[in-house]
Amino acid sequence: MPDFIAAIDQGTTSTRCIIFDHGARIAGLAQREHHQIMPRAGWVEHDPVEILSNVDTVIREALAAAGIGTGDLAAAGITNQRETTVAWNRRTGKPLCNAIVWQDTRTDAICDALAGSVGQDRLRSQTGLPLATYFAGPKMRWMWDNVPAVAEAANRGELAFGTVDSWLVWHLTGGTFITDVTNASRTLLMDLQTLDWDHGLLSEMGLSRDWLPDIRSSSDVYGTGTGILEGVPVASALGDQQAALVGQTCFQPGEAKNTYGTGSFLLMNTGTEPVVSRCGLITTVGYRFGDAPPAYCLEGSVAVTGALVQWLRDNLGLIRSAAEVEDLANTVADNGGVYIVPAFSGLFAPHWRSDARGVIVGLTRYANKGHIARAALEATAYQTREVAEAMEEDSGIRLKALRVDGGMVRNSTLMQFQADMLNVPVERPKMWETTALGAAYAAGLAVGFWRTQDELRANTVIDSTWTPAMDAAARERLYRDWKRAVERSLNWVETNTG
């Protein structure tokens, strides 16, 4: 068998390809950013053609960096930004409009109409999800209502709707139209028990089954690659946060990970039966390997964490690079009473408030840019604690440690504050690229490159651990003031502005 697995990691701001060997070591890596298109306030779009071009480029560059060819690949796997939705013509393969990104809020009126008098939990028992702008189904409905090219393709029987995994598999395999259970579970259209599209849910959304891909396991050979991946089995698809769960080998109920990226996503494995949240969390499919029963998760999704640091860099000019935020934060001893609630597109878990908007509170003449930087980092830790508390209440499982990954885990100041806020150890693995690694693991299991979950666990090495060092009174005072800041962010948007 060939010696390597390729993982394509198509994220919110960039696309990467990482080549892994059997010991889960990186042999080659390449990355390309793509444009963030924001035509109106609250709207966020991506160009699907640009993403495809970047996928092709990073595969070529990663293979070159590893000094190998496609013949050395046992399989390729995909992990993707999840709820971001693409519409394309299945005859030509061309997109019908820009992709609508998970952060986009234009479907607020659609979600309100679906919620009716029952409220946003109307479909939660069946889908595990609240009715929120986050998810893919309402985005499909908006395209159907508002993009003439989409309606025209539907009338000709040529419309394809899918999340980014479907878009990539379609093009990498020459037309295989599939999604996996993890991505399908983010649409408001899949029944969590049957793991299939539900006709009642489709009817609620005004969508046709004919427009949607087949739902498959997360670890399965979907087809054989064409073009740059000629002859390579394309053998996994996982939403990015579920891929990180697999990459962190959180295969037992109660094991949890948090990924700190554009947003932050805390997932806890709850076993083979879904746990319906009472505390504002999402119930989602964690993964499914082959024909084995699926693993379910509780998830808390925080919309803005790393994106807040980008905002300090790009909008305010306080730093020249994201890495500088730690040094700037450490120019002050504490937050100086300053709190930032980054509700740029409303608040996600556990609040689910689309009427919220970002606020900075506690400003005095004493406050400086160091306090702003520290407040930005602390906002990530506070939001994570809110999610962790909801998760413990829903699951009845006390968090004993948190495994972390994503770009922000390089920031030791943040990781220490996170341990202080949670009052549990925070563990960072030696292999930080856990999202791509999860896609590689799932693809490798599908083709026998790795045979058991124990093999995958054996690859995990903890690199750094941060233990709580803050006294309880200080911890609770800071968290109480954070809660007060959140209250100030609510009820800002009084009417839907489209």
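Residues numbered from 1 in each chain as written. Predicted model: local features only at pLDDT ≥ 70, side-chain atom pairs only at ≥ 80, totals over all residues. Heavy atoms only, no water.

Student: I keep staring at the overall build of the chain and nothing clicks. Help me out?
Tutor: The helix and strand tally for the chain stands at 16 helices and 23 strands. Against the globule reference of 23 Å for 498 residues, the chain gives a C-alpha radius of gyration of 22 Å, in line with a compact fold. The dimensions of the chain, computed from C-alpha atoms along their principal axes, are 60 × 50 × 45 Å. Burial status across the chain gives 61% buried among its 498 residues. (Helix = DSSP H or I, 4+ residues; strand = E, 2+ residues; numbered from the N terminus. Rg over C-alpha atoms; globule rule 2.2 N^0.38 Å. Buried < 20%, exposed > 50% of the residue type's maximum accessible area, 1.4 Å probe, protein only.)

Student: Even after reading the chapter, I still don't get the environment of Gln81, so can you show me in this structure?
Tutor: Summarising the element assignment, Gln81 is placed in the loop between β5 (73-80) and β6 (85-89). Under the relative-accessibility criterion, Gln81 is labelled buried at 0%. Polar contacts involving the side chain of Gln81 include one to the main-chain carbonyl oxygen of Gly11, which spans 3.3 Å. A polar contact is formed between the side chain of Gln81 and the side chain of Thr84, at a distance of 2.6 Å. (Polar contact = N/O pair within 3.5 Å; in protein donor to acceptor, adjacent residues only side chain to side chain.)

Student: Sorry, what's going on with the sheet that holds strand β3 (residues 26-33) here?
Tutor: Sheets are built from strands paired through backbone hydrogen bonds, the pairs being either parallel or antiparallel. Spatially, 6 strands are ordered β3-β2-β1-β5-β14-β13 in an open sheet, and the strand pairing comes out mixed. Either end of the sheet is taken by a strand with one partner, and the two such strands are β3 and β13 (219-224). Direction aside, neighbouring strands of the sheet carry axes that sit 20° apart on average. Bridge count for β5 against strand β14 (residues 233-239) is 5 bridges, and the pairing is parallel. Within β14, the position partnered with Asn80 by the bridge is Gly239. (Pairing = 2+ DSSP bridges. Axes fitted to C-alpha atoms, helices over the stretch in contact; angles between N-to-C directions.)

Student: It is not clear to me how the nonpolar core should be interpreted in this structure. Could you clarify?
Tutor: Within soluble globular proteins, side chains that are nonpolar generally end up buried alongside one another. Grouped together as the largest cluster of nonpolar side chains are 139 residues, with contacts concentrated most on Tyr134, Met143, Val150, Leu159 and Phe161. Top element by residues in this core is helix α12 (residues 369-395). It accounts for 12 residues. For Phe161, the residues in contact, after removing those within four places along its chain, are Val86, Ala87, Trp88, Met140, Met143, Trp144, Val150, Phe177, Leu207, Trp211, Leu212 and Pro213. Among the nonpolar cores identified, the runner-up in size contains 35 residues, and Ile19, Val55, Ile59 and Ala160 belong to it. (Core = buried A, V, L, I, M, F, W, Y, C linked by side-chain atoms within 4.5 Å. Contact = heavy atoms within 4.5 Å.)

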